[in-house]
Amino acid sequence: MSMASKDLWRFLCAAAAIFLLAAALNFTVDPLQLFRPARLFPAMYSADSRMQDAGLIRSQDFDTVFMGTSLAVHFRQSDIDKALGVRSLKLAMNGSTSREQAFVLGAAMDRHPKRVIWQMDDWIFRNAPEVDSDVYVPADLYRRNAKGIAGYLFSGAMARESLWIAARAIPPLEPIVARLTNGLMFKFPISRVDDINALRSDFDLAGFYNAQNAVASFKRITDSARSVSIAEGYDLDAMVRNFERDAVALIERNPDVTFEIYFAPYSILHFVAMRDASPATLKVAHEFAAYAFPLLLQFPNVRLHDFRGVKDVTHDLGNYGDVIHHSPAIDLKILSWLAERKYLVDRAAPLVSLERLKAQVEAYKVDP
Amino acid sequence: MLFNSHSFIFLFLPVVLLGYFALGRSSNLAPVVWLALASLVFYSFGGWQFVPLLLLSIGFNYAVGYLLIARKLPSGARFAVLTIGVAGDLVVLGIFKYAGFFAGNLNALFSTGFVVNIVLPVGISFYTFTQIAFLVDAYRGNVARYALPHYALFVTYFPHLIAGPILHHKDMIPQFERPETKRPDPHLILCGLIIFAIGLFKKTCLADGIQPLVAQAFGPDAPTFAQAWIGVLAYTFQLYFDFSGYSDMAIGISLMFGIFLPLNFNSPYKAVSIVDFWRRWHMTLSQFLRDYLYIPLGGNRRGRVLRYVNLMITMLLGGLWHGAAWTFVVWGALHGVYLCINHAWSNYGLRLPPRFARVADVAGTALTFLAVVVAWVFFRAPDMATALSVLSKMARPGNVGFGRVEMVYALFVAIYAAIAWFAPNTQEIMGYDHENRTVGAGLRAPRMRPLFLYATGAVLAFGILGIQQHSEFIYFRF
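Quick notes on the rules
- Residues numbered from 1 in each chain as written.
- Chains lettered and ligands numbered in written order.
- Predicted model: local features only at pLDDT ≥ 70, side-chain atom pairs only at ≥ 80, totals over all residues.
- Heavy atoms only, no water.
- Pairing = 2+ DSSP bridges.
- Helix = DSSP H or I, 4+ residues; strand = E, 2+ residues; numbered from the N terminus.
- Axes fitted to C-alpha atoms, helices over the stretch in contact; angles between N-to-C directions.
- Contact = heavy atoms within 4.5 Å.
- Expected span 1.5 Å × (residues − 1).
- Buried < 20%, exposed > 50% of the residue type's maximum accessible area, 1.4 Å probe, protein only.
- Arc of directions from axis to C-beta.
- Buried area = accessible area lost by both parts, 1.4 Å probe.
- Salt bridge = Lys/Arg side-chain N within 4 Å of Asp/Glu carboxyl O.
- Polar contact = N/O pair within 3.5 Å; in protein donor to acceptor, adjacent residues only side chain to side chain.
- Patch = residues over 30% accessible without salt bridge, like charges linked within 9 Å, V, L, I, M, F, W, Y side chains within 5 Å.
- Areas by Shrake-Rupley, 256 points an atom, 1.4 Å probe, with all protein chains shown as cover.
- Phe/Tyr/Trp six-rings, centres within 6.5 Å; stacked < 30°, edge-to-face > 60°.
- Parallel < 35°, antiparallel > 145°, perpendicular 65-115°, else oblique.
- Nonpolar A, V, L, I, M, F, W, Y, C, P; charged D, E, K, R; others polar.
- Right-handed = clockwise from strand over helix to strand, strands pointing away.

Just to check I follow, could you spell out the sheet that holds strand 3 (residues 115-120) of chain A for this structure?
Pairing between the strands of a sheet is mediated by backbone hydrogen bonds and can be parallel or antiparallel. Residues and elements named next belong to chain A. The strand order across the open sheet formed by five strands is 2-1-3-4-5, and the pairing between neighbours is parallel. Looking along the sheet, the strands with just one partner apiece sit at the ends: strand 2 (88-90) and strand 5 (302-306). The sheet shows a mean angle of 15° between the axes of neighbouring strands, taken without regard to direction. Across five bridges, strand 4 (residues 258-263) lies against strand 5 in parallel orientation. Each bridged residue has a counterpart across the sheet, and for Phe 259 the counterpart in strand 5 is Val 302. In the packing of helix 15 (residues 328-340) onto the sheet, the strands contacted are strand 3, strand 4 and strand 5, and the crossing angle to strand 4 comes to about 135°.

In structure tokens, the structure reads:
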């Protein structure tokens, strides 16, 4: 063998050795706890729910799954457990589509939960592409197929996290590593499951959730230069198709699971913005609810709550950081309403709450 | 298909290499055909619907070239044939790349309601320019007659097809014709792999690593002074490591086939002037614009004023080549102005004594870098309003906003700057000499070789480990 050939082999062997070493490190530390619960190394969690959920579904014990978008992402599991007397797992994902939610819920169904609490709205059914064309969801990791596992083990980004978590397990290094772990440089900065995406204790609640911010947001989205975005994706036929594919099919497939679905208490300004800047969009939103509510209530395993017309909350703009996102105080109210089964939509009259909302939206006058 | 994908590295490349060398045992032509077909397969992954257009373009240009080279046409007819050839290429490029831009501007001016939505075929700017150069050289009588498979491979050759380097037929086709390139050379394969590894590392670890910081300036929220600078500097380094990484990978892949590609980058941020910058950044495009646009326009042969006019025209069209948008036109115009100032300074500016040469170089590097960074704002911004908004934030230190997050990001940017300014570039590390067709002479020195091999092996491993889903190269969209 010539010297150049020997060098070529040396080079390839060195690359292969490092490659395998990274995989071994990822397998041993297992940042997502896909293979085993964390024992040798401290459990750390990421705020990237789309990735983290794949591990949580495997590593956590739960009988209730909590799903939703950014409106549900700040809930604390401990609050859910306390209010409803369950052992919950929060899988909510910021800006998630119905396809993403149904896919993640489908993976969670393999662990046989008794109940799903699902924060739903018309927004999630607008553009909901297949998860395999969605770059943000590591679909094969949820499927646990060879591609997904290989992608996890042979990932340099994951190896960096593994190394960091391993360094944190070494007592002399622990304080300094913990100090440097801030989410800016590392994706697994959270040490308690309950803290995943929950607002930090030092978060300025009054500074963020106030009427001024809600009104400013209303003005921003109804500004003529931007208002076209309100209508984005609101195509009733497509929304109905996505609803049937993602929500109805999942409920049908799991008759033993109770689906507690709630439509979140958006601020009234959300609907008023549609009314004033894009009436056709408001019509689609109402028509969607008029189609979805009766269909959902055909299933005996569905309980449907409509919080959109809870005037005490939705008309008090101090509860909101913009036109839709409510404060943690409302999170707790929602849990209490779910526990008390308040604002349940009547199977015999599924459109009463919708009519109430329509009347409120029509009557609402925006302060100049 | 992306160079930075597992399917390319572990499947496509090994299969094409094995087929190439296996066929090379019995024939000098079969490997060329094999490589051209493999290149078409590679191209079809980026959009199979554009393969017929590519084939049509090859057929058209080869036929025009044949008329110019093989037929004894009178000079008027030759010029007409050239005009038809170049116009044909430009019309196709114009339809696919600029029709939407043109319609959009008509709409803005006259509210015509005329909308054109045409998908841009991948690599069209690169293969059009390559072939225009071929036609012009054929007209000038600088081209020998090439066989169709060699010509087709010259255009489609997959290492360069999508994003360059822009190849020259005189450089490439003779290499395709040489029987020696069809025999595997372990030294060239090793050097090619190392260069590929460096390029892959630049892309997956450096460019993709800093990419999230770009949103600091170009994200949905209005940036502060610090965020605007961090975002723009992050883009400055992202673009460099992304594109030079791609070029390194192209050179490395080609070297495994025994083919030397021209260099495209030579540490551009170390440039001491804008003229120097354009000798170091996207070098094959600069050479193309110089040989086929600036010089035919008259270059510097018709007086100083016309020289500046020619420079401006060249850079404006160079900007428009990158994309059909006013932001690219402004980017080109800015560089045109920079070049004019640079040339005017060389002609009329102060002459510093030699003892200040080092200081002048440092000042020149800093000023050039700053000018380039400002121009990148237009290159990156989705529209003029965003570009002006980001620039206005960069110019207003009133709202600095330099918190803990910004400090960490600034540290990142500083590390990238140190690599771009002080580290040796790929050809310096590997001793790559395109002109003399030599590479890796240092590898023959035994002392450091094992360490170097292990280190570069690690670079390859880190490059592959850093592969993320769907991380395209920035220059694919041009």
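Still more ground to cover, so stick around.
Honestly, helix 3 (residues 51-69) of chain B in this entry has me stumped. Any pointers?
Along an α-helix, residues three or four positions apart point the same way, because every turn accommodates 3.6 residues. Residue and element names in this part refer to chain B. Between its first and last C-alpha, helix 3 extends 26 Å over 19 residues, near the 27 Å set by a 1.5 Å rise per residue. Residues of helix 3 that are buried include every one of Val 51, Leu 53, Leu 54, Ser 57, Ile 58, Asn 61, Tyr 62, Val 64, Gly 65 and Leu 68, and no others. Taken around the axis of helix 3, the buried residues stretch over an arc of 165°, which confines them to a single face. Buried-residue contacts for helix 3 involve helix 2 (30-45), helix 4 (75-110), helix 5 (124-140), helix 6 (148-156) and helix 7 (158-161).

Just checking my understanding: could you explain the interface of chain B and chain A for this structure?
When the parts of a complex come together, some accessible area is lost, and that lost area is often used as the size of the interface. At the interface, 28 residues of chain B touch 22 residues of chain A. Here chain B and chain A share an interface that buries about 2,100 Å² over both sides, 76% of which is from carbon and sulfur atoms. Linking chain B with chain A are one salt bridge, by the criterion used here. Taken together, the connections running from chain B to chain A amount to two residue pairs in polar contact (both at pLDDT 80 or more).

What is the right way to read the pattern of salt bridges from this model?
Think of it this way: side chains of opposite charge can pair up when their charged atoms draw near. Residue and element names in this part refer to chain A. Taken as a whole and assessed by the stated rule, the structure comprises 30 salt bridges over all chains. One salt bridge in this structure joins Asp 61 and Arg 111, with 3.8 Å as the shortest N-O distance. With Asp 61 in the loop between helix 2 (49-59) and strand 1 (64-67) and Arg 111 in the loop between helix 4 (98-109) and strand 3, this pair connects stretches of sequence that are 50 residues apart. A cluster of three or more residues bridged by salt bridges with shared partners is formed by Arg 76, Arg 192, Asp 194 and Asp 195.

What's the story with helix 16 (residues 384-394) of chain B in this structure? I'm lost.
Residue and element names in this part refer to chain B. Along helix 16, the residues classified as buried are Ala 387, Val 390, Leu 391 and Met 394. Along the long axis of helix 16, the arc covered by the buried residues comes to 100°, so they all point the same way. At its buried positions, helix 16 is contacted by helix 9 (186-218), helix 10 (225-256) and helix 15 (357-380).

Would you mind going over a nonpolar patch on the surface with me for this structure?
Residue and element names in this part refer to chain B. Nonpolar side chains collect at one region of the surface, where Val 305, Leu 306, Val 309, Ile 313 and Leu 317 lie side by side and expose about 400 Å² of accessible area between them. Inspection of the secondary structure puts Leu 306 in helix 13 (residues 304-322). In this structure Leu 306 comes out as partly exposed when scored by relative accessible area, which is 39%.

Which parts of the structure should I look at to understand the packing of aromatic side chains?
The geometry of an aromatic ring pair is captured by two quantities: the separation of the ring centres and the angle between the planes. Residue and element names in this part refer to chain B. Applying the stated rule across the entire model yields 65 aromatic pairs over all chains. Between Tyr 20 and Phe 21 the ring centres are 5.2 Å apart and the planes differ by 70°, which places this aromatic pair in the edge-to-face class. As far as burial versus exposure is concerned, Tyr 20 and Phe 21 are alike and both buried. When the ring of Tyr 240 is compared with that of Phe 265, the centres are 6.0 Å apart and the planes differ by 65°; the resulting orientation is edge-to-face. You can see Tyr 240 sitting in helix 10 and its partner Phe 265 sitting in the loop between helix 10 and helix 11 (274-280), a full 25 residues away along the chain.

Looking at this structure, I do not really get unusual backbone geometry. What am I missing?
Trans peptide bonds make up most of the peptide bonds, and negative phi angles are found at most residues other than glycine. With phi around 60°, Asn 197 of chain A is a residue other than glycine that occupies positive phi space. For His 282 of chain B, which is not glycine, the phi dihedral falls at a positive 40°. Take His 282 of chain B: it is sitting in the loop between helix 11 and helix 12 (283-294).

I would appreciate a short explanation of the packing of helix 10 of chain B against helix 15 of chain B in the present structure.
Each pair of packed helices can be described by the angle between their axes along with the distance between the axes. All names here are of chain B. Packing of helix 10 against helix 15 brings their axes to within 9 Å, and their N-to-C directions diverge by 90°. Our classification of the angle between helix 10 and helix 15 gives roughly perpendicular. On helix 15, the residues that touch Trp 229, Val 232, Leu 233, Tyr 235, Thr 236, Phe 237 and Leu 239 of helix 10 are Phe 369, Leu 370, Val 373, Trp 376, Val 377, Phe 379 and Arg 380. In terms of residue class, the contact of helix 10 with helix 15 is built from twelve nonpolar, one polar and one charged.

It is not clear to me how the pairing of strand 1 of chain A should be interpreted in this structure. Could you clarify?
All names here are of chain A. Residue alternation in strand 1 divides its side chains into two sets, Thr 64 and Phe 66 and Val 65 and Met 67, and both sets are buried. The pairing of strand 1 with strand 2 spans three bridges and is parallel. Note that in strand 2 the partner of Thr 64 across the bridge is Ser 88. Remark: the strand 1/helix 3 (residues 77-84)/strand 2 crossover connection has right-handed handedness.

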